[in-house]
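The residues making up each chain are set out below.
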2 protein chains.
Amino acid sequence: MTTPAVSSRALPHPARDEVRLEGVLHALSDPMRLRIVRELAAAQGELSCSHFELPVTKSTTTHHFRVLRESGVIRQVYRGTAKMNGLRRDDLDALFPGLLDALLEAAARQAARRAD
Amino acid sequence: MTTPAVSSRALPHPARDEVRLEGVLHALSDPMRLRIVRELAAAQGELSCSHFELPVTKSTTTHHFRVLRESGVIRQVYRGTAKMNGLRRDDLDALFPGLLDALLEAAARQAARRAD
DNA sequence: CGACTCGTACGATAGCCATCGTAGTACGGC
DNA sequence: GCCGTACTACGATGGCTATCGTACGAGTCG
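In what follows, the accompanying structure is described. For clarity, every value in this text was computed on a predicted model and none was experimentally measured.

Basis of the calculations
- Residues numbered from 1 in each chain as written.
- Chains lettered and ligands numbered in written order.
- Predicted model: local features only at pLDDT ≥ 70, side-chain atom pairs only at ≥ 80, totals over all residues.
- Heavy atoms only, no water.
- Buried < 20%, exposed > 50% of the residue type's maximum accessible area, 1.4 Å probe, protein only.
- Helix = DSSP H or I, 4+ residues; strand = E, 2+ residues; numbered from the N terminus.
- Pairing = 2+ DSSP bridges.
- Salt bridge = Lys/Arg side-chain N within 4 Å of Asp/Glu carboxyl O.
- Phe/Tyr/Trp six-rings, centres within 6.5 Å; stacked < 30°, edge-to-face > 60°.
- Contact = heavy atoms within 4.5 Å.
- Buried area = accessible area lost by both parts, 1.4 Å probe.
- Polar contact = N/O pair within 3.5 Å; in protein donor to acceptor, adjacent residues only side chain to side chain.
- Expected span 1.5 Å × (residues − 1).

Examining the pairing of strand E2 (residues 74–79) of chain A
Residue and element names in this part refer to chain A.
Now for step 1: Burial of the side chains of E2 is restricted to one face: Ile74, Gln76 and Tyr78 are buried, whereas none of Arg75, Val77 and Arg79 on the reverse face is.
Now for step 2: By the bridge criterion, six bridges tie E2 to strand E3 (residues 82–87) in an arrangement that is antiparallel. Across the sheet, arginine 79 pairs through a bridge with alanine 82, a residue of E3.
Now for step 3: Taking the residues between adjacent antiparallel strands as the criterion, E2 and E3 are bridged by two residues, where glycine 80 takes a positive phi near 65 degrees.

Right, here's the structure in full:
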């Protein structure tokens, strides 16, 4: 059972046309959430919440994932006890072509700059 | 005297390498500030604060312009009694190539979508 | 069943922030 | 010097939010 079935527990997601640019920008303006999104983009697929090692408690991690989901940046699905997270790349690219890539590259540049 | 000399009153701006992506995104995540930036981008040049007709008081307008300046998005200069505002396009393009254009196009798309 | 893991819910707290109103400063013109 | 315009500074306020801790629920494995 490498991929357990999707649980019945539902998670509310905004529809594609409900996603607001301001909400996306606000979600990504937090360093912790930007970091999550960068890791999610690097791993071409879904990652469980527990995969991330963030310097905050689990409560706070849950909070950040919810903000990302409710702003339309990520999609969340239960698979057994794990909650899998994936970027909503299709929707974001349809709504704001080029934006996600520009944001990711900007974040990568800044990370490289700060590491120097 | 079409363009009065720059006043001695100084306004603190972050240096190019002090501009943080998170700060820029946070600045643009406010609808009022996003609107200001869009108008500023449309008008290829400097605009005075009073040019903008925002549905908030002048106090609040001042606040938004300061947030934009301190995050590195705009440059502000006193010219006589007027305070002129300009996008820091050169700095932003150097730091985050393509980001500003992607953001502006995303905002334009969303505006078109909402108007429909 | 029982234990364990993963994640949630709820309450609390402290800090930030968008907004306002009022009072004040800087500059240019009369 | 005096007035008007343009913007600021300060204090207040209400709302949002990032963080935590603890207690709980859902699912898996023995």
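Observations regarding the pattern of salt bridges
Now for step 1: Throughout the structure, instances matching the rule amount to 18 salt bridges over all chains.
Now for step 2: The closest approach of N and O atoms between arginine 75 of chain A and aspartate 91 of chain A, which form a salt bridge, is 3.6 Å. Taken as a pair, arginine 75 of chain A in strand E2 and aspartate 91 of chain A in helix H4 (residues 89–95) lie far apart in primary sequence, 16 residues in all.
Now for step 3: With its nearest N and O atoms 2.6 Å apart, the salt bridge here joins aspartate 91 of chain B to arginine 16 of chain B. Pair noted here: aspartate 91 of chain B is in helix H4 (residues 89–95) and arginine 16 of chain B is in the segment before helix H1 (21–28), with a separation of 75 residues, a long-range link.

Looking at the packing of aromatic side chains
Note on aromatic pairs: each is described by the distance of the centres and the angle between the planes.
All names here are of chain B.
Now for step 1: Going through the model one piece at a time under the given rule, you end up with two aromatic pairs over all chains.
Now for step 2: Ring geometry for phenylalanine 52 and phenylalanine 65: centres 5.4 Å apart, planes at 65 degrees, overall edge-to-face. Placement of the pair is phenylalanine 52 in the loop between strand E1 (47–48) and helix H3 (58–70) and phenylalanine 65 in helix H3, with a sequence separation of 13 residues. The pair phenylalanine 52 / phenylalanine 65 is uniform in exposure class, with both members buried.

Overview of the interface of chain B and chain A
Now for step 1: Facing 25 residues of chain B, the contacting portion of chain A comprises 25 residues.
Now for step 2: Taken over both partners, the interface formed by chain B and chain A buries close to 2,300 Å², and the fraction arising from carbon and sulfur atoms is 62%.
Now for step 3: Across the chain B-chain A interface, the total number found is zero salt bridges.
Now for step 4: Applying the counting criterion to the chain B and chain A interface returns eight residue pairs in polar contact (both at pLDDT 80 or more).
Now for step 5: Secondary-structure elements contributing two or more residues to the side of chain B that touches chain A are H1, helix H2 (31–42), H4 and helix H5 (99–115) of chain B.
Now for step 6: When residues of the side of chain B that touches chain A are assigned to their parent elements, the largest contribution, nine residues, is made by H5 of chain B.

Observations regarding helix H3 (residues 58–70) of chain A
Residue and element names in this part refer to chain A.
Now for step 1: For H3, which comprises 13 residues, the first-to-last C-alpha distance of 18 Å matches the rise-based estimate of 18 Å (1.5 Å per residue) to within 8%.
Now for step 2: Residues Thr61, His64, Phe65, Val67, Leu68 and Arg69 constitute the buried set of H3.
Now for step 3: One or two steps after H3, the chain reaches glycine 72, where phi turns positive at roughly 95 degrees.

Let's talk about the sheet that holds E1 of chain B
Strand pairing in a sheet relies on backbone hydrogen bonds, with the paired strands running either antiparallel or parallel.
Residues and elements named next belong to chain B.
Now for step 1: Pairing is antiparallel in the open sheet, where three strands are placed in the order E1-E3-E2. In the strand order of this sheet, the two ends are held by E1 and strand E2 (74–79), each with one partner.
Now for step 2: Of the strand pairs in this sheet, E1 and strand E3 (residues 82–87) are connected by two bridges, and their pairing is antiparallel. Counted as the bridge partner of leucine 47 is asparagine 85 from E3.

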